[in-house]
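Listed below, chain by chain, are the residues.
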Amino acid sequence: MKDDYEDKVRDERAAVQELQAQLRPRFKDLPHDVTLILLTRSGKNDLFTEATRFLIRVIREVAPRITLREYDLDHEVAKSWEADRAPTLLFDPDRYRIRWLGAPIGEEARTFIEALLMMGRRQTNLSEQSLKVLKGIDSPRHIKLFVSPSCPYCPQQGVNALKAAIEKPDMVSLEIIDIQANPDLADQYAAQSVPQAFANETLIAQGAQPEELFLLSLEKLEPQTVFIPESDAEEVNTDLVIIGGGPAGLTAGIYSARSGLRTVIVERDTLGGQVATTPVVENYPGLTQVGGKALVDLMVSHALEYVNIFPGEEVMDIQPRDPIVVLTNRRRFIAKAVLLATGASHRRLDVPGESRLSGHGVSYCSTCDGPLFRKKKVVMVGGGNSAVTEALHLHNLDVDITLVHRKDTLRAQEHLTKSLFANQIPVLLNTEIKEVRGKDRVEEIVLYNNQTGKKTTMAVNGVFIAIGYAPAVELAQKTGIELTPEGYIKHDSRHRTNIPGIYSAGDVEGGYKQIVTAAGQGAEASMAIFEDLVNPYWKSQERAESAAPQT
Ligand SMILES: Cc1cc2nc3c(=O)[nH]c(=O)nc-3n(C[C@H](O)[C@H](O)[C@H](O)COP(=O)(O)OP(=O)(O)OC[C@H]3O[C@@H](n4cnc5c(N)ncnc54)[C@H](O)[C@@H]3O)c2cc1C
């Protein structure tokens, strides 16, 4: 027992030392001081306060420019800043109007570190396009951004909001609200999915957005889905553009850069694709059991050794000429080849109430939103590996979970279903959800038993949906790429599509949808691309065709 404890302490110390070694060079020559003010109250959210103090202490040991002052919420200082929640963290309050309600831990530690670096450098690196949008904001915006330490999408949106508040402190103020420390606020705003952003009390974004789209949503005070870059967007010349930073895209990046191709990866959401939101992976060779996010971190840092990654950037258009032009929301790439590794995104139930209550009790990400439903009643819809894994994950978070599946047996692997029954998680078979009801949040669902034909209602606080993934083929279709009858990208054995110079890999091709198969296809496709660029297949085929006898 004592040995276990000593091992744990030793491991923790080693982890802190490793983190400090990574942070030291980044904080070493920070040109400006950053003052943090931590407002606390003993007995209120003590665990969150302790975690915040610990993180700041670890950072301050390698960052001499960061200072910390701490006051009780009753102190005049707290009152002068109108703070009434513990813990509240104010960032350089004489300069910025940015506060964090809760603890910047877990995934959020990344946002916190970026915040300190941007403030210490007084530099946000907002893109030219974003700066233009921000300049257009001429009346105050008060942002409330709901985040959670277990949400891999949150740092991207957190950094977007911070950039706006740092660049334009006279106009933009920001509260980052940790839902675990402030469940009452999440409840008040019906923010049951993270990240979720409000500005001037209006919902402006659900989920993470590319930087320009976030700023456009902030300017217009309503959710925006399209950002058209101005024609003077930056131009990047390269050999290969990989679209998608999941296992297929990341692996392809490593292989193609190692074979000497100038390669970029463009990713619109969270690096790692579907793996980033997978609670646990148990079938990746060499790692008996690993968190999806931990596996992504390993893959991304490996890929970064070789390849330039453009995160938070969405490919909007591909112009298949020679060379190929790829347009994102931020710039234009001129490339010899393009690899579509766009993967898949979650399938919807398509029942009344689902879209309207999405983010208000309807969720597709148990890793992100699960903590909001602790001790609440929730259904998980689906019968495959994902649904059962996520049901087990929610059960471990102390969520009152019931699995609902429309067939008479579950499709999930045996060891998962055994675990489901061992944990006594109720399962409703032959049951479909016909409607999700509620005024501004999920209140009840309508269930239909397809054996008896009987309809019933069930009072629930949340509906998690894991009924599979649909291939992300919108961009391929827009570009004129042929699909299979099942809706996947049609390709030959070397991952070539029907358009010269454009290839595919991973879940978007159909077949087995696994991390190792996606990675394998990414590797195969990049080797085929290299060989085709060295010995142009399309050109030799064109030559063969033009030399063929005319009939
Ligand atoms: C809950 C869950 C659990 C799973 N568990 C396992 C498991 O235990 N073991 C296993 O082997 N597999 C598991 N899988 C499956 C595995 O995660 C996928 O097979 C794998 O991630 C596919 O990789 P991919 O690179 O093809 O696509 P994805 O992982 O889907 O990545 C595609 C990426 O492309 C990006 N993208 C799409 N369009 C654009 C655009 N226009 N511009 C820029 N970027 C774009 C997306 O944002 C995404 O990040 C699981 C999946 C889920 C959802």
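Quick notes on the rules
In this convention, every chain numbers its residues from 1, walking through the sequence in written order. Reporting of local features is limited, given that this is a predicted model, to residues whose pLDDT is at least 70; pairs of side-chain atoms are given and counted only at 80 or more, and all residues count toward the totals for whole chains, interfaces and linings. In computing side-chain properties, one takes all heavy atoms of the structure into account and sets aside hydrogens as well as water. Any residue with a heavy atom positioned within 4 Å of a molecule or strand is treated as near that molecule or strand. Any pair of nitrogen or oxygen atoms within 3.5 Å is treated as a polar contact; in protein, a donor-acceptor pairing is required on top of that, and neighbouring residues in sequence qualify only through side-chain atoms on both sides. Counting from the N terminus, the helices are the DSSP runs of H or I reaching at least four residues and the strands are the DSSP runs of E reaching at least two. Here the term charged refers only to Asp, Glu, Lys and Arg, the term nonpolar to Ala, Val, Leu, Ile, Met, Phe, Trp, Tyr, Cys and Pro, and the term polar to all other amino acids, Gly among them. What counts as a ring pair is set by centres within 6.5 Å for rings of Phe, Tyr and Trp (its six-membered ring), and what kind of pair is set by the plane angle: stacked under 30 degrees, edge-to-face over 60, tilted for all other angles. Note on classification: 1.4 Å probe, protein chains only; a residue is buried when its accessible area is under 20% of the maximum for its type, exposed when over 50%, partly exposed between these limits. Throughout, a residue-residue contact means that at least one pair of heavy atoms, one from each residue, lies within 4.5 Å. A pair of strands is treated as paired once DSSP finds two or more bridges between them. All axes here are fitted lines through C-alpha atoms, helices being fitted over the stretch that makes contact, and every angle between N-to-C directions spans 0 to 180 degrees. We call two directions roughly parallel when the angle between them is under 35 degrees, roughly antiparallel when it is over 145, roughly perpendicular when it lies between 65 and 115, and oblique otherwise. Rotating anticlockwise by less than a right angle from the far helix to the near helix defines a left-handed crossing, while the corresponding clockwise rotation defines a right-handed one. In plain terms, two cysteine sulfur atoms within 2.5 Å form what is called a disulfide here.

Novice: Lay out the site of the ligand with the relevant residues and their values.
Specialist: Taken together, the neighbourhood of the ligand is formed by 35 residues, with Glu 267, Gln 274, Asp 507, Gln 514 and Ile 515 sitting nearest. Within the contact set of the ligand, an oxygen atom lies 2.9 Å away from a backbone nitrogen or oxygen of Asp 507. Elements represented by at least two residues in the shell around the ligand include exactly helix 9 (247-258), strand 11 (263-267), helix 12 (385-396) and helix 15 (515-534). Each residue belonging to the shell around the ligand can be placed in one class, and the counts come to 13 nonpolar, 14 polar and eight charged.

Novice: Which residues make up the packing of aromatic side chains, and what values do they have?
Specialist: Overall, the coordinates contain seven aromatic pairs when judged by the stated rule. On the basis of an interplanar angle of 80° and a centroid distance of 5.8 Å, the ring pair of Phe 146 and Phe 198 is categorised as edge-to-face. Of the two residues, Phe 146 is situated in strand 5 (residues 141-147) and Phe 198 in strand 7 (residues 196-199); the sequence distance between them amounts to 52 residues. The two residues Phe 146 and Phe 198 agree in class, both being buried. Centroid distance Phe 310 to Phe 333: 5.1 Å. Interplanar angle 80°. Geometry classified as edge-to-face. You can see Phe 310 sitting in strand 14 (residues 308-311) and its partner Phe 333 sitting in strand 17 (residues 331-335), a full 23 residues away along the chain.

Novice: Requested: an account of the side chain of Arg 99, with residues and values cited.
Specialist: Within the secondary structure layout, Arg 99 lies in strand 4 (residues 98-101). Beyond its immediate sequence surroundings of up to four residues, Arg 99 is in contact with Trp 81, Glu 82, Ala 83, Thr 88, Leu 89, Leu 90, Phe 91, Leu 174, Glu 175 and Ile 176.

Novice: Any details on the sheet that holds strand 1 (residues 34-40)? Residues and values, ideally.
Specialist: Taken together, the eight strands give an open sheet; going across it, the order is 2-1-3-4-6-5-7-8, and neighbouring strands pair in mixed fashion. Unpaired on one side and paired on the other, strand 2 (66-72) and strand 8 (202-206) mark the two borders of the sheet. The sheet shows a mean angle of 20° between the axes of neighbouring strands, direction not considered. For strand 7 and strand 8, the ladder comprises four bridges, and the chain directions are antiparallel. Across the sheet, the residue bridging to Phe 198 is Leu 203, located in strand 8.

Novice: So what's going on with the packing of helix 9 against helix 10 (residues 292-304)? Which residues, and what values?
Specialist: In the contact formed by helix 9 and helix 10, the axes pass within 9 Å of each other and the chain directions differ by 30°. Judged by the inter-axis angle, helix 9 sits roughly parallel to helix 10. For the crossing formed where helix 9 meets helix 10, the hand is left-handed. Across the interface between the two elements, Pro 247, Leu 250 and Ile 254 of helix 9 pack against Met 299, Val 300, His 302 and Ala 303 of helix 10. When grouped by side-chain class, the residues that make up the contact of helix 9 with helix 10 number six nonpolar, one polar and no charged.

Novice: Let's hear about the state of the cysteines: which residues, and what values?
Specialist: Inspection of every chain in the model, using the stated rule, returns two disulfides. A sulfur-sulfur distance of 2.4 Å marks the disulfide that ties Cys 151 to Cys 154. Handedness of the Cys 151-Cys 154 disulfide follows from its S-S torsion of about 100°: it is right-handed. Of the two residues examined, Cys 151 and Cys 154, each falls in the buried class. The partner cysteine of Cys 365 in its disulfide is Cys 368, sulfur to sulfur 2.3 Å. Looking along the S-S bond of the Cys 365-Cys 368 disulfide, the torsion reads about 65°, which is the right-handed sense. When sorted by exposure, Cys 365 lands in the same class as Cys 368, which is buried. Here the disulfide map of the protein reads 1-2, 3-4, the bonded cysteines being numbered as they appear in the sequence.

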